[in-house]
Amino acid sequence: MSFLSKLRDRLTRSSTKIGEGLDGIVDAAPEVVPQPAPAPSPGLVGRLFGTAPAAPPEEPRRALDDAMLEELEDMLVQADLGVDTALRVTANIAEGRMGRRVSSTELRQLLAGEIARIMAPVARPLPIYPKKPQVVLVVGVNGAGKTTTIGKLASQFRAAGKSVMIAAGDTFRAAAVEQLQIWGQRAGVPVMVAAQGSDPASLAFDAMTRAEAEGADLLMIDTAGRLQNRADLMEELAKIVRVIRKKDPTAPHNTLLVLDATTGQNALNQVETFRQLADVSGLVMTKLDGTARGGVLVALADRFGLPIHAIGVGEQIDDLDAFDANDFARALVGL
Ligand SMILES: Nc1nc2c(ncn2[C@@H]2O[C@H](COP(=O)(O)OP(=O)(O)OP(=O)(O)O)[C@@H](O)[C@H]2O)c(=O)[nH]1
Ligand SMILES: [Mg+2]
């Protein structure tokens, strides 16, 4: 299955939401163009002489006016693009097109074009540096998908011939360490653990020492989930970063913020807070399968411009895809 159809398949709920929204907006036109009667079937003669098939029935159209733009804007806000982005996208669609009669398909294409334009600059894979080990710190709120994403990434980097190590920086929960060990086994990557309740910053330091000694290309450090309003946990994160920098002032080379797409607009606050504490260098958006809130990626890209390195589209090890702006835009609007 091609990436686009897989993504479209899994983004069904988002795309249905926006797609049906667009159909609804165009169908709300006061003057609906009458549908032509279906053309007679081409018959034997037609088939023999290759008569062109009858043109598909004309799609309903609606003149682009203020009322329609307002509906479009509301629909985009509903689809989690946020007010600012919805306004900008709508204004761009309107530019030079007021009064023109558009069909739902044309509207989808225009919208996909605008969304792709916003997303293109942020569609960038995780950069790989010559530095050994390249330290990738993974942060985010509880349950965002950090541990799962580390397992998936470790597997991909290993398949690409990199030597990878994982550090279980979530030292609070025994279950968290076990979960990471299972992912390590699946990916075929060693997992460094510390005693339960020990300081995650010192585990990070030890893991860097070992990764260096063993010549690992990549060290991925998992961290405990933390809500952005817990000052103590956020301070702990800042401490992890300080200690990592004692070992290597250029580390962490990547700080990945993992966001759960189903949290919708709250993702914007999460980026705001984590950025202040941990100098976030890129995003991974998980759970894009089966959510109707994929639109929040557009709001994030528009507001922060942080690279989106990958998207999670399921719970299995290969359910992590590169982020492609065009595919995403088309899938989101149901094209
Ligand atoms: N459907 C779907 N589920 C996902 C995806 N990524 C993670 N999950 C699921 O989300 C749940 C939480 O994932 P974890 O990786 O444990 O999240 P975490 O951020 O490490 O959680 P804490 O360590 O508790 O903060 C698990 O049930 C995962 O299987 C995804 O892309 N799609
Ligand atoms: Mg975890």
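Refer to the structure printed above.
Residues numbered from 1 in each chain as written. Chains lettered and ligands numbered in written order. Predicted model: local features only at pLDDT ≥ 70, side-chain atom pairs only at ≥ 80, totals over all residues. Heavy atoms only, no water.

**Some thoughts on the environment of Ser155**
We apply this condition: By the criteria applied, helices consist of DSSP H or I runs no shorter than four residues and strands consist of E runs no shorter than two, each listed in order from the N terminus. By definition, residues are in contact when any of their heavy atoms lie within 4.5 Å.
Tracing the chain through its elements places Ser155 in helix H7 (residues 146-159). C-alpha separation for the pair Ser155 and Gly184, spaced 29 residues apart in sequence, amounts to 8.5 Å. Among residues more than four places away in sequence, those in contact with Ser155 are Ala187 and Ile317.

**Comments concerning the packing of aromatic side chains**
Here is the rule: Between 30 and 60 degrees the pair is tilted, below 30 it is stacked and above 60 it is edge-to-face, where a pair is any two Phe, Tyr or Trp rings, Trp via its six-membered ring, whose centres lie within 6.5 Å. Between buried and exposed lies partly exposed: a residue is buried under 20% and exposed over 50% of the maximum accessible area for its type, with that area taken using a 1.4 Å probe on protein chains only. Sitting over a ring, as applied to charges here, requires NZ of Lys or CZ of Arg to be within 6 Å of the ring centre and within 35 degrees of the ring normal.
Within the structure shown, the criterion is met by one aromatic pair. For the ring pair Phe323 and Phe328, a centre distance of 5.2 Å and an interplane angle of 50° mean the geometry is tilted. By relative accessible area, Phe323 is classed as buried at 6%. A relative accessible area of 0% places Phe328 in the buried class. Above the face of the Trp183 ring, Arg186 is positioned so that its terminal group lies 4.3 Å from the ring centre.

**Quick look at H7**
What counts is decided by this rule: The span expected for a helix works out to 1.5 Å for each residue beyond the first.
With 14 residues, H7 ought to run about 20 Å at 1.5 Å a step, and its terminal C-alpha atoms sit 20 Å apart, in line with that. Where burial is concerned, most of H7 is hidden: ten out of the 14 residues are buried.

Functional significance is not addressed by these values, which are geometric in nature.
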